[in-house]
Amino acid sequence: DPVLHLQGLQKTYNKGLPGEVQVLRGVDLTLHPGEVVALVAPSGAGKSTMLHIAGLLDVPDAGTVSLGGQDMTGLSDRKRTAARRSDIGFIYQFHHLLPEFSALENIVLPQLAAGIARGTAEARARDLLTRVGIAPRADHRPAALSGGEQQRVAFCRALANQPRLLLADEPTGNLDPETSDQVFGALMELVRGTGLAALIATHNLELASRMDRVLRMDAGRLST
Ligand code: ADP
Ligand code: ADP
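In this report, the structure presented in the accompanying data block is examined. Per chain, residue numbering runs from 1 following the sequence as it is written. Chains and ligands are labelled by the order in which they are written, letters from A for the one and numbers from 1 for the other. Per-residue local features are limited, in this predicted model, to residues with pLDDT of at least 70; the limit for side-chain atom pairs, both in listing and counting, is 80 or more; totals at the level of whole chains, interfaces and linings are taken over all residues. As a rule here, side-chain values cover all heavy atoms of the structure and leave hydrogens and water aside.

1. Section: the environment of Val214
Note the threshold: We count a stretch as a helix when DSSP gives it H or I for four or more residues in a row; a strand needs E for two or more, and each element gets its number in order from the N terminus. When accessible area is computed with a 1.4 Å probe and restricted to protein chains, residues below 20% of their type maximum are described as buried, those above 50% as exposed, and intermediate ones as partly exposed. Any two residues whose heavy atoms approach within 4.5 Å are treated as being in contact.
Assignment of secondary structure puts Val214 in strand S9 (residues 213-218). With a relative accessible area of 24%, Val214 lands in the partly exposed category. Residues Val214 and Val36, spaced 178 residues apart in sequence, show a C-alpha to C-alpha distance of 9.1 Å. Among all residues touching Val214, those that are not within four sequence positions of it are Ala38, Val40, Ala208, Ser209, Ser223 and Thr224.

Right under this line is the structure:
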């Protein structure tokens with residue numbers, strides 16, 4: 001089964017009101033295990049709306065979202081939340097790390113919440129930090145880390161519970177070009193080392209070209 005299958009997604013905001021905006025007009029997408037796909041879209045094209053729907057944070061007006069072959073569309077909010085927590089990792093432009101906790105602890109906490117034992121969670125966090133090249137920073141709080149290091153920690157946190165799907169919205173959009181390039185390289189190594197499927201929105205065409213496929217979003221539809 002594909003990791004993610006989107007079929008015929010439609011979404012309109014403010015339906016029937018003066019501010020009505022039809023954002024998704026039939027979005028279809030299939031992502032297989034190990035596939036890393038770039039999503040390139042002009043601002044306002046509906047990229048965040050699509051990522052939220054794919055990430056089970058919002059529901060479409062029409063169409064279906066399937067994860068691992070299971071249709072999520074008709075599930076209760078509780079089941080969708082459970083599926084989101086176990087199957088999906090999110091990365092944003094800003095890291096959203098907890099400021100009072102160390103880098104390591106930021107990666108450990110979601111694992112504890114998922115019922116993983118502390119020893120196992122810490123070992124996994126250290127392994128992830130090593131893979132993105134910042135193991136020596138494990139005990140630093142976010143404020144003591146550079147922007148690139150903060151984002152690397154956020155990548156580790158997103159993968160801490162071994163999701164099947166990674167959704168990233170401008171993961172390096174807040175970094176200068178050189179740091180962006182290095183941090184993106186670290187993200188690719190991390191993703192390639194796990195076999196998970198990733199959908200990564202970016203304005204950076206050079207970064208997009210390093211992924212397996214590039215999809216463009218325009219006028220509420222995807223094209224290659
Ligand atoms: P992108 O991420 O590609 O910039 P978005 O999905 O955020 O696009 O937004 C697409 C369009 O939908 C924009 O015109 C935006 O103003 C509008 N929009 C997004 N969210 C809402 C909302 N909650 N209510 C009304 N309009 C929205
Ligand atoms: P938790 O309560 O364990 O933090 P949630 O189910 O609330 O988990 O969220 C799962 C993921 O979705 C988290 O990475 C969180 O940052 C993200 N998330 C939750 N709500 C929103 C939202 N409204 N917009 C964007 N991302 C969200």
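2. Digging into the site of ligand 2
Heads up, the rule is: Only heavy atoms are used to decide nearness, and a residue is near a molecule or strand if one of them lies within 4 Å of it. Polar contact criterion, stated in full: a pair of N or O atoms within 3.5 Å, where within protein one must be able to donate a hydrogen and the other to accept it, and residues adjacent in sequence count only if both atoms are side-chain atoms. Throughout, the Shrake-Rupley method with a 1.4 Å probe supplies accessible areas, and for residues the shown protein chains are the sole cover considered.
In the neighbourhood of ligand 2, the contacting residues comprise His52, Leu57, Thr81, Arg84, Arg85, Phe90 and Tyr92. Arg84 places a polar side-chain atom, nitrogen or oxygen, 2.8 Å from an oxygen atom of ligand 2. Between ligand 2 and Arg85, the relevant distance is 3.1 Å, taken from an oxygen atom to a side-chain nitrogen or oxygen of the residue. About the coverage of ligand 2: the protein hides 44% of its 550 Å² of free accessible area. Sort the elements by how many residues they give to the shell around ligand 2 and helix H2 (residues 77-87) lands first, with three residues.

3. Focus on empty space enclosed by the protein
Think of a ball as big as a water molecule: rolled over the atoms, this probe shows where empty space is left. We apply this condition: Using a grid of 1 Å spacing that covers the protein atoms alone, one calls a set of points a cavity when a 1.4 Å probe fits there but cannot get out, and a pocket when the set is open and has protein on both sides within 12 Å along at least five of seven lines; lining residues are those with an atom within 4 Å of a point. Grid points are joined across faces, edges and corners, and a volume is the space filled by probe spheres set on the points. Gly is put with the polar residues, along with every residue not named as nonpolar or charged; the nonpolar set is Ala, Val, Leu, Ile, Met, Phe, Trp, Tyr, Cys and Pro, and the charged set is Asp, Glu, Lys and Arg.
Counted according to the given criterion, the structure contains one cavity of 30 Å³ or more. Volume-wise, the largest cavity comes out at about 80 Å³. Contributing to the lining of the largest cavity are Ser48, Leu51, His52, Leu57, Phe90, Ile91, Tyr92, Leu167, Ala168 and Asp169. Sorting the residues of the lining of the largest cavity by element identifies helix H1 (47-54), strand S6 (88-91) and strand S7 (165-169) as the ones contributing at least two each. Class assignment of the residues belonging to the lining of the largest cavity gives a composition of seven nonpolar, two polar and one charged.

4. Overview of the pattern of salt bridges
What counts here: Salt bridge, as used here, is a side-chain nitrogen of Lys or Arg placed within 4 Å of a carboxyl oxygen of Asp or Glu.
Tallying each qualifying case throughout the model produces 14 salt bridges. A salt bridge links Glu206 to Arg210; the nearest nitrogen and oxygen atoms lie 3.5 Å apart. Given the relative accessible area of 43%, Glu206 is considered partly exposed. What makes Arg210 partly exposed here is its relative accessible area of 33%.

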